[in-house]
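Fold and geometry: a report
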Amino acid sequence: MIKARVTVTLKNGVLDPQGKAIEGALGTLGFGGVGHVRQGKVFDIELDGSDKAKAEADLKAMCEKLLANTVIENYQIHVV
Amino acid sequence: MKSAVVLLPGLNRDRDMIAALTKISGKAPATVWQTDTEIPDVDLIVIPGGFSYGDYLRCGAIAARTPVMRAVAEKAAQGVMVMGVCNGFQILLETGLLPGALMRNASLKFVCREVKLEVANANTAFTRAYEPGQIIRCPVAHHDGNYFADPETLARIEGNGQVVFRYAEDTNPNGSINDIAGVMNEAGNVLGLMPHPENLIEAAHGGSDGRALFEGVLGIAA
């Protein structure tokens, strides 16, 4: 079995109101020196088989078709 | 004019939409379910608002991958009119039938209130019963209505007149770019909008500014 982690983040230039709110809350909690905060999503995915190249290709297709909205989001695939 | 309404688990504005279509066209719309792979022969397909699939992953993301939405996309390609309201708009964007994306409201708050809309393009099959630039009242109720498109896409849709409705008179409730409230595809047969015109169609609603949208698209404009 192959384990993979897919990280989906907002593209640069896309406003992230939730990240902004978290940034503000961290400041309120007294954490100084916090720069920009951007919120994203993490998917841990298990795949049958042991072919890593195939897994990466499949994961890329999954990102393009469902996991990320490529209008506003980037994705990174990390096969463990 | 015959119409159909798409039903999906989690949508909750379907009854209002069916009532509006029935009252204005005089005929009850057909209904199609998530697993349907064929849509009856109709002139207009409407995707109502709500929270399809609990807004899981992204608003409209799961709905956009259902069999019924593949059928809607096929109909749209054939030129059938398609209109998505609120979650229906989000679903059309996720399906790729419309350009851009809808993000969390800039205020991070769910907004449920009345706004003013400018009819930015009255020369469409949807808005032909309005005057160009007409300002209408319309309710909104959403958490993710903050329209976004990259600069190239934005320039293209603005240039093509694909921006059909804009929030007017400083009533933008969500921070959407260029005050965009509704956009259509390049071919002009698919429209998505965040506000709820189906909730302002008769005196009992306190106004009927939304009625002309249905009259226009249903071909019964006065």
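Residues numbered from 1 in each chain as written. Chains lettered and ligands numbered in written order. Predicted model: local features only at pLDDT ≥ 70, side-chain atom pairs only at ≥ 80, totals over all residues. Heavy atoms only, no water.

**Remarks on the overall build of chain B**
Along the backbone of chain B there are five helices and 11 strands. Computed over its C-alpha atoms, the radius of gyration of chain B comes to 16 Å, within 12% of the 17 Å expected for a compact globule of 222 residues. By principal-axis analysis of the C-alpha atoms, chain B measures approximately 40 × 40 × 30 Å. Among the 222 residues that make up chain B, the fraction classed as buried is 57%. (Helix = DSSP H or I, 4+ residues; strand = E, 2+ residues; numbered from the N terminus. Rg over C-alpha atoms; globule rule 2.2 N^0.38 Å. Buried < 20%, exposed > 50% of the residue type's maximum accessible area, 1.4 Å probe, protein only.)

**So, helix α1 (residues 17–28) of chain A**
An α-helical turn contains 3.6 residues, so any two residues separated by three or four positions project in the same direction. Residue and element names in this part refer to chain A. Taking 1.5 Å of rise per residue, 12 residues should cover 16 Å, and α1 covers 17 Å from first to last C-alpha, within 8% of that figure. Of all the residues in α1, the buried ones are P17, G19 and E23. Each buried residue of α1 sits inside an arc of 160° when the element is viewed along its axis, so together they form one side. Downstream of α1 by one or two residues, G30 has phi in the positive range, about 95°. (Expected span 1.5 Å × (residues − 1). Arc of directions from axis to C-beta.)

**Let's talk about the pairing of strand β10 (residues 180–184) of chain B**
Residue and element names in this part refer to chain B. Where burial is concerned, most of β10 is hidden: five out of the five residues are buried. Relative to β10, strand β9 (residues 163–168) is paired through three bridges, and the arrangement is antiparallel. From the neighbouring strand, R166 faces β10, where its bridge partner is I180. Summarising the sheet, β10 and strand β11 (residues 190–193) pair through three bridges and their orientation is antiparallel. Bridge pairing in β11 links V183 to G192. Joining the antiparallel neighbours β10 and β11 is a turn of five residues, in which G188 adopts a positive phi near 85°. (Pairing = 2+ DSSP bridges.)

**Quick word on the sheet that holds strand β4 (residues 81–85) of chain B**
Residue and element names in this part refer to chain B. As summarised here, the arrangement of the nine strands in space is β2-β1-β3-β4-β11-β10-β9-β6-β7, forming an open sheet in which the pairing is mixed. At either end of the open sheet lies a strand with only one pairing partner, and these are β2 (30–32) and β7 (135–142). Strand-to-strand twist in this sheet, taken as the mean axis angle between neighbours without regard to direction, amounts to 25°. In this structure, strand β6 (residues 111–119) lies alongside β9, joined through four bridges in antiparallel fashion. Residue pairing for β9: V119 is matched across the bridge by F165. (Axes fitted to C-alpha atoms, helices over the stretch in contact; angles between N-to-C directions.)

**Brief notes about helix α2 (residues 52–67) of chain A**
Residues and elements named next belong to chain A. Across its 16 residues, α2 extends only 19 Å between first and last C-alpha, which sits more than 12% below the 22 Å expected from 1.5 Å per residue. Buried within α2 we find A55, L59, C63 and L67. For α2, the arc enclosing every buried residue in end-on projection is 80°, short of the 170-degree limit, so these residues lie on one face. Of the exposed residues in α2, those oriented more than 90 degrees away from the buried face are A53 and K65.

**Describing the interface of chain A and chain B**
At the interface, 17 residues of chain A touch 14 residues of chain B. When chain A packs against chain B, the two sides together hide about 1,200 Å² of surface, and 68% of this comes from carbon and sulfur. Three residues stand out in chain A for area buried against chain B, namely P17, L66 and V71 of chain A, and they jointly supply 36% of the buried area on that side. In this structure, the connection of chain A to chain B is made through one salt bridge. R58 of chain B is paired through a salt bridge with E73 of chain A; the nearest N and O atoms lie 3.7 Å apart. Summed over the shared surface of chain A and chain B, the number is five residue pairs in polar contact (both at pLDDT 80 or more). In the side of chain A that touches chain B, the residues fall into 11 nonpolar, three polar and three charged. (Contact = heavy atoms within 4.5 Å. Buried area = accessible area lost by both parts, 1.4 Å probe. Salt bridge = Lys/Arg side-chain N within 4 Å of Asp/Glu carboxyl O. Polar contact = N/O pair within 3.5 Å; in protein donor to acceptor, adjacent residues only side chain to side chain. Nonpolar A, V, L, I, M, F, W, Y, C, P; charged D, E, K, R; others polar.)

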